[in-house]
Amino acid sequence: MATFLFEPGFFSSGPVHVALVIGAVSAVVTGVVGVFTVLRGQSFAGHALTDVATTGGSASFFYGLTPLLGFLGAGVLGAGAMDLVGVQRLRGRDIATGVVLGVATGVAALYLYLDTTKSATTGAAQQVLFGSIFTLDSSTIPVVAVLSVVTLALIASIYRPLLLSSLSADLAAARGISVRAVGLLFMLALAISVGLSSIAIGSILSTALLIGPAATSLRLTRSLRRAFAFAAVIGVAATWLGVLFAYDSYYWFPSSQGLPVSFFIVLLVFLAYVASGLHPIPRALKRARLDGHAAAAQRVR
Amino acid sequence: MSNGPVLDVDHVSVAFAGREVLDDVSFQVQASEFTGLIGSNGVGKTTLLRSVLGLQRIDRGEIRVNGAPLSRHARVLGYVPQKVSLDPDVPVRARDFVALGLDAHRFGFSRRTKDERQLVEQMLMDVDAERFADTRVGSLSGGEQQRILIAHALISQPSLLLLDEPLANLDPKSVEEVVSLLHRVAKDHGVAVLLSAHEMNSLLPVMDRIVYLTNGRAASGTTDEVVRSDVLSTLYGHHVDVLKLHGRVFVVAQPSESDVEIPEHSTLTIE
Ligand SMILES: Nc1ncnc2c1ncn2[C@@H]1O[C@H](COP(=O)(O)OP(=O)(O)O)[C@@H](O)[C@H]1O
Ligand SMILES: [Mg+2]
């Protein structure tokens, strides 16, 4: 049975190991950051950062730098720019995000064009936009690990001020919390997590890993802690299964090169989201929902 | 703590784009007293409360809390904002929301101690919220959400609780419940209350003092001292009558002056 599911060489392949480790680590970080992104209503800002990351990634290819550096550098600069243009003010938020997104996409178009005309980097567009998890070098692992730990530590250290700021900026400010500083630190965490998922599944698709597992987990639980855990688990599961299917697909279609990992990951994330909205839901979840309904009924009375 | 006023608003003016919203406003709130900040929509109640919290820059005057000038009053003030729009999908239970009132300013990810968790339970009991303590805070009704916001604001044991129109979107029964609950809890916790409202009648039974705001200016004192035809006429700048009917108060502009803006409390409710 195992040989049916796992095509030969899956467990002994070096690129697969690297893909599994980096995929899992970035999925955990992205899942946790994604929950806050959804809570804060900053999905659009998250998506804009992926476009900014595209700019950085394509530029890094042109200048012969490692893509992770480009993804991260551009993401952090983009987060800063969005803050300056006014991402903190609710009404300014979409506008600021849109402005930065527009500029970033334009510059990305330039570098992607330059990359394709420079013979050494013709594959850049594919790699930047849709990822290349099987081509990652194992030396990337420590860098990814450090960045992940830093990001998770950052989120943990600002957890409560960030949570109250996300629920009500007014309440947080009245408590003496610097809502702007907390928001900026969160944007930093967001930029790093987008960078991490960009090297795994590509900058364009990293939105899917950021928002999908988070949105799914928020449907499934009433506890915020569990929402973080679920989002991480869903992200890791989708990534691992995606890596597995992509590897296996080399054997499904021997004539072709197999199908891209990112396609499978995004598809699985989407299926999880759809499934979370389906009935019948598992019993434990149902009971939780019924409690909610009982409370609602009491309210009406 | 001194035995001076908890809050001293001293000749405060606030202007937006050159328009004075608050014009030389002065009043005090005494320890453990219930003060109503009454005025129609747009007179500057929210602006005043935000000034006290340090969220709104004031152009002139001074605001002192427990005798200390405005800098960071955060820890000694509890605040229930006018609008908190909480999404029903947010997985934060009422209980968690109250607990955030205790430690939201704290960095790091420490577990709450047993004492702290007990305090949260006690607070939930004080505001009669045990029944829906485990419901998502965003899916509570308006009245239930007010209780949770009050508990959130009170749990850090402030000396002054500021509430911005907490009764505005409640049905009459919930208004009565929230008012009597506030009165009781404030007495139990020895906290002074400054509550804004555009209608004073529901507050008459519990108000120790009133701050009546109109045209950017304020009159303050006990209700008997302030809600009088002569005092309010001076404040409005035109003649108004104060009618008392079945223990309710109505401020009515003279009907002959058709161009005069009729104060909002003049709507007579027939019951
Ligand atoms: N940030 C602001 N910028 C410009 N005008 C403002 C601002 N905040 C409030 N105002 C104006 O100040 C006046 C008082 O507003 P507010 O304090 O919200 O009144 P209230 O709470 O009594 O309804 C209103 O006319 C409002 O339009
Ligand atoms: Mg207001």
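Residues numbered from 1 in each chain as written. Chains lettered and ligands numbered in written order. Predicted model: local features only at pLDDT ≥ 70, side-chain atom pairs only at ≥ 80, totals over all residues. Heavy atoms only, no water.

(A) Inspection of the coordination of the magnesium ion (ligand 2) at higher detail. Residue and element names in this part refer to chain B. Around the magnesium ion (ligand 2), the protein contributes the donor atoms Thr46 (OG1) and Gln82 (OE1), which lie 2.0 to 2.3 Å from the metal centre. Within this pair, whereas threonine 46 is found in helix 1 (residues 45-53), its partner glutamine 82 is found in the loop between strand 6 (77-80) and helix 2 (94-103), the two being separated by 36 residues in sequence. Under the relative-accessibility criterion, glutamine 82 is labelled partly exposed at 36%. (Donors = N, O, S within 2.8 Å, 3.2 Å for Na, K, Ca; no water. Helix = DSSP H or I, 4+ residues; strand = E, 2+ residues; numbered from the N terminus. Buried < 20%, exposed > 50% of the residue type's maximum accessible area, 1.4 Å probe, protein only.)

(B) How the structure looks around the nonpolar core. Core analysis: the largest hydrophobic core is formed by 137 residues, its most contacted members being Ile148, Leu203, Tyr212 and Leu232 of chain B. Broken down by element, this core gets its largest block of residues, 12 residues, from helix 10 (residues 179-201) of chain A. Among residues more than four places away in sequence, those in contact with leucine 232 of chain B are Tyr212, Val226, Val227, Val240, Val242 and Val251 of chain B. Counting residues in each nonpolar core, the second largest holds 28 residues, with Leu37, Val65, Leu160 and Leu194 of chain B among its members. (Core = buried A, V, L, I, M, F, W, Y, C linked by side-chain atoms within 4.5 Å. Contact = heavy atoms within 4.5 Å.)

(C) The pattern of salt bridges, seen in detail. A full pass over the atoms with the stated rule returns 22 salt bridges over all chains. Here the residues in one salt-bridge network are Arg93, Arg95, Asp96, Glu121 and Asp134 of chain B, joined through shared partners. (Salt bridge = Lys/Arg side-chain N within 4 Å of Asp/Glu carboxyl O.)

(D) Representation of helix 3 (residues 114-126) of chain B. Residue and element names in this part refer to chain B. Between the first and last C-alpha of helix 3 there are 18 Å, a value that for 13 residues agrees with the 18 Å anticipated at 1.5 Å per step. For helix 3, the full list of buried residues reads Glu116, Val120, Met123, Leu124 and Asp126. For helix 3, the angular spread of buried residues about the axis comes to 160°, placing them on one side. The exposed residues of helix 3 that point more than 90 degrees off its buried face are Lys114 and Asp115. Close packing links the buried residues of helix 3 with helix 2, helix 4 (142-154) and helix 5 (172-189). Aspartate 128 sits one or two residues past helix 3 and shows a positive phi near 55°. (Expected span 1.5 Å × (residues − 1). Arc of directions from axis to C-beta.)

(E) Up close: the interface of chain A and chain B. Each partner contributes to the interface: chain A provides 28 residues, whereas chain B provides 40 residues. Scanning the region where chain A abuts chain B turns up 2 salt bridges. Summed over the shared surface of chain A and chain B, the number is 9 residue pairs in polar contact (both at pLDDT 80 or more). At the level of secondary structure, the elements contributing two or more residues to the side of chain A that touches chain B comprise helix 7 (140-157), helix 8 (159-167), helix 9 (169-174), helix 12 (224-252) and helix 14 (283-300) of chain A. Broken down by element, the residue count for the side of chain A that touches chain B peaks at 6 residues, all from helix 8 of chain A. Its residues assigned to classes, the side of chain A that touches chain B comprises 16 nonpolar, 6 polar and 6 charged. (Polar contact = N/O pair within 3.5 Å; in protein donor to acceptor, adjacent residues only side chain to side chain. Nonpolar A, V, L, I, M, F, W, Y, C, P; charged D, E, K, R; others polar.)

(F) Quick look at the confidence of the model for chain B. Residues and elements named next belong to chain B. Mean pLDDT over chain B: 87, with 91% of residues reaching 70 or higher. Mean pLDDT values over the elements of chain B span from 83, in strand 5 (residues 68-69), up to 96, in strand 8 (residues 192-197). Note that pLDDT drops below 50 for residues 266-271; the model gives that stretch 6 contacts with residues more than four away or on any other chain. Taken together, the chains of this predicted complex give a pTM of 0.86 and an interface ipTM of 0.87. (pLDDT = per-residue confidence, 0-100.)

(G) Representation of the sheet that holds strand 9 (residues 209-214) of chain B in the model. Residue and element names in this part refer to chain B. The strand order across the open sheet formed by 6 strands is 6-7-8-3-9-10, and the pairing between neighbours is mixed. Taken across any chain shown, the strands that pair with only one partner, and hence form the sheet edges, are strand 6 and strand 10 (217-221). Taken over all neighbouring pairs, the strand axes of this sheet differ in orientation by 15° on average, direction set aside. As paired strands, strand 3 (residues 34-38) and strand 8 are joined by 5 bridges and run parallel to one another. Paired with glycine 36 across the bridge in strand 8 is leucine 195. The strands touched by helix 1 are strand 3, strand 6, strand 7 (160-164), strand 8 and strand 9; relative to strand 7, the strand with the most contacts, the crossing angle is about 150°. In the packing of helix 4 onto the sheet, contacts are made with strand 6 and strand 7, and the angle to strand 6 comes to roughly 165°. (Pairing = 2+ DSSP bridges. Axes fitted to C-alpha atoms, helices over the stretch in contact; angles between N-to-C directions.)

(H) Quick peek at unusual backbone geometry. All names here are of chain B. For serine 32, which is not glycine, the phi torsion reads 65° and is therefore positive. Non-glycine residue glutamine 157 carries a positive phi angle of around 55°. One can find glutamine 157 in the loop between helix 4 and strand 7.

(I) Seen up close, the site of ligand 1. Residue and element names in this part refer to chain B. Every residue close to ligand 1 is listed here: Phe16, Arg19, Val21, Ser40, Asn41, Gly42, Val43, Gly44, Lys45, Thr46 and Thr47. Lysine 45 is positioned such that a nitrogen or oxygen atom in its backbone is 2.8 Å from an oxygen atom of ligand 1. The protein chains hide 58% of the 550 Å² of surface that ligand 1 would expose on its own. Every element with two or more residues in the shell around ligand 1 is listed here: strand 2 (19-29) and helix 1. (Near = heavy atom within 4 Å. Areas by Shrake-Rupley, 256 points an atom, 1.4 Å probe, with all protein chains shown as cover.)

(J) Region of the structure containing the pairing of strand 12 (residues 248-253) of chain B. Residues and elements named next belong to chain B. Both strand 11 (residues 240-245) and strand 12 contribute to a ladder of 6 bridges, which runs antiparallel. Its bridge partner lying in strand 12, valine 240 is registered against alanine 253. Connecting the antiparallel pair strand 11 and strand 12 is a turn made up of 2 residues, with histidine 246 showing a positive phi of about 50°.

(K) Inspection of the environment of valine 227 of chain B at higher detail. All names here are of chain B. Summarising the element assignment, valine 227 is placed in the loop between helix 6 (223-226) and helix 7 (229-236). Note: C-alpha distance between valine 227 and valine 242 (15 residues apart in sequence) is 7.0 Å. Aside from chain neighbours lying at most four places away, what touches valine 227 is Met200, Ile210, Leu232, Val242, Lys244 and Val249.

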